[in-house]
Amino acid sequence: MLYAIVTDDVPGSLPKRATARAAHMERMSEMQSAGRLVISGPCPAIDSPDPGPAGFSGSIIIGEFESLEAAQAWIDADPYVAAGVWSKVTVRPFRKGFPK
């Protein structure tokens with residue numbers, strides 16, 4: 001089943017993101033290679049694809065997991081969690097509507 005993981009960044013998260021980015025991206029690449037990643041990415045803090053020093057307000061990940069508990073356990077082990085990048089993480093079931 002698909003699950004949506006929506007996160008909110010702590011204020012001033014950019015340095016924390018930079019520290020943990022390589023390890024976070026490695027996990028995302030592993031998920032993609034396993035064919036379980038639908039889409040993921042950060043949400044710019046300003047209306048720009050490159051927010052520069054404004055940084056990011058959070059992230060969205062949609063992926064396939066065995067259960068809600070498995071999705072929660074996976075995100076709990078993310079390097080961004082360990083680095084304190086996110087102030088809030090929400091995991092919920094997701095059903096794809098479009099594109100078909």
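Just so it is clear, the structure is predicted and the values come from calculations on it, not from any experiment.

(A) Just the sheet that holds strand β1 (residues 2-9), in detail. Taken in spatial order, the four strands line up as β2-β3-β1-β4 in an open sheet, and their pairing is antiparallel. In this open sheet, the two strands that pair with only one neighbour each are β2 (37-44) and β4 (86-94). Strand-to-strand twist across the sheet, computed as the mean angle between neighbouring axes with direction ignored, equals 10°. Where β1 and β4 come together, eight bridges link them in antiparallel fashion. Note on β4: the bridge partner recorded for Ile5 is Val91. The strands touched by helix α1 (residues 14-33) within the sheet are β1, β2, β3 (56-64) and β4, with β3 carrying the most contacts at an inclination of about 15°. On the sheet, helix α2 (residues 68-76) packs against β1, β3 and β4 and is oriented at approximately 155° with respect to β4.

(B) α1, seen in detail. Here α1 spans 27 Å end to end across 20 residues, near enough to the 28 Å set by a 1.5 Å rise per residue. Arg21 marks where α1 bends most, by close to 55°. Turning to α1, its buried residues number three or more, namely Arg17, Ala20, His24, Arg27, Met28 and Met31. Packing partners of the buried residues in α1 comprise β1, β2, β3, α2, α3 (79-82) and β4. Directly beyond the C-terminal end of α1, a positive phi value near 75° is found at Gly35.

(C) Summary view of the environment of Ala82. In this fold, Ala82 is placed in helix α3. A residue is classified by how much of its surface remains accessible, and Ala82, at 73% relative accessible area, is exposed. Between the C-alpha atoms of Ala82 and Asp47, which are 35 residues apart in sequence, the distance is 28 Å.

(D) Up close: the side chain of Thr7. Assignment of secondary structure puts Thr7 in strand β1. On the basis of relative accessibility, which here comes to 3%, the residue Thr7 falls in the buried class. A polar atom in the side chain of Thr7 sits 2.9 Å from the backbone nitrogen of Ser59. Look past the residues within four positions of Thr7 in its chain and what remains in contact with it is Ser57, Gly58, Ser59, Trp86, Lys88 and Val89.

Reading the values: the criteria
- The residue numbers shown here count from 1 along each chain, following its written sequence.
- Local features in this predicted model are restricted to residues of pLDDT 70 or higher, and side-chain atom pairs are both shown and tallied only at a pLDDT of 80 or more, whereas totals for entire chains, interfaces and linings draw on every residue.
- As a rule here, side-chain values come from all non-hydrogen atoms in the structure, and water together with hydrogens is ignored.
- Two strands pair if DSSP finds at least two bridges between them.
- Only DSSP runs of H or I covering at least 4 residues are called helices, and only runs of E covering at least 2 are called strands; the numbering of each starts at the N terminus.
- Comment: axis = line fitted to C-alpha atoms, over the contacting stretch for helices; angle = value between 0 and 180 degrees taken between N-to-C directions.
- Pairs of residues are marked as contacts when any of their non-hydrogen atoms sit within 4.5 Å.
- In this analysis, the expected span of each helix is defined as 1.5 Å times one less than the number of residues it contains.
- What we call the bend at a residue is the angle made by axes fitted to the seven residues finishing there and the seven residues starting there.
- The classification of residues rests on relative accessible area computed with a 1.4 Å probe and restricted to protein chains. Under 20% of the type maximum is buried, over 50% is exposed, and intermediate values are partly exposed.
- Pairs of N or O atoms are called polar contacts if they sit within 3.5 Å, as long as, within protein, a hydrogen donor faces a hydrogen acceptor (for residues adjacent in sequence, only side-chain-to-side-chain pairs).

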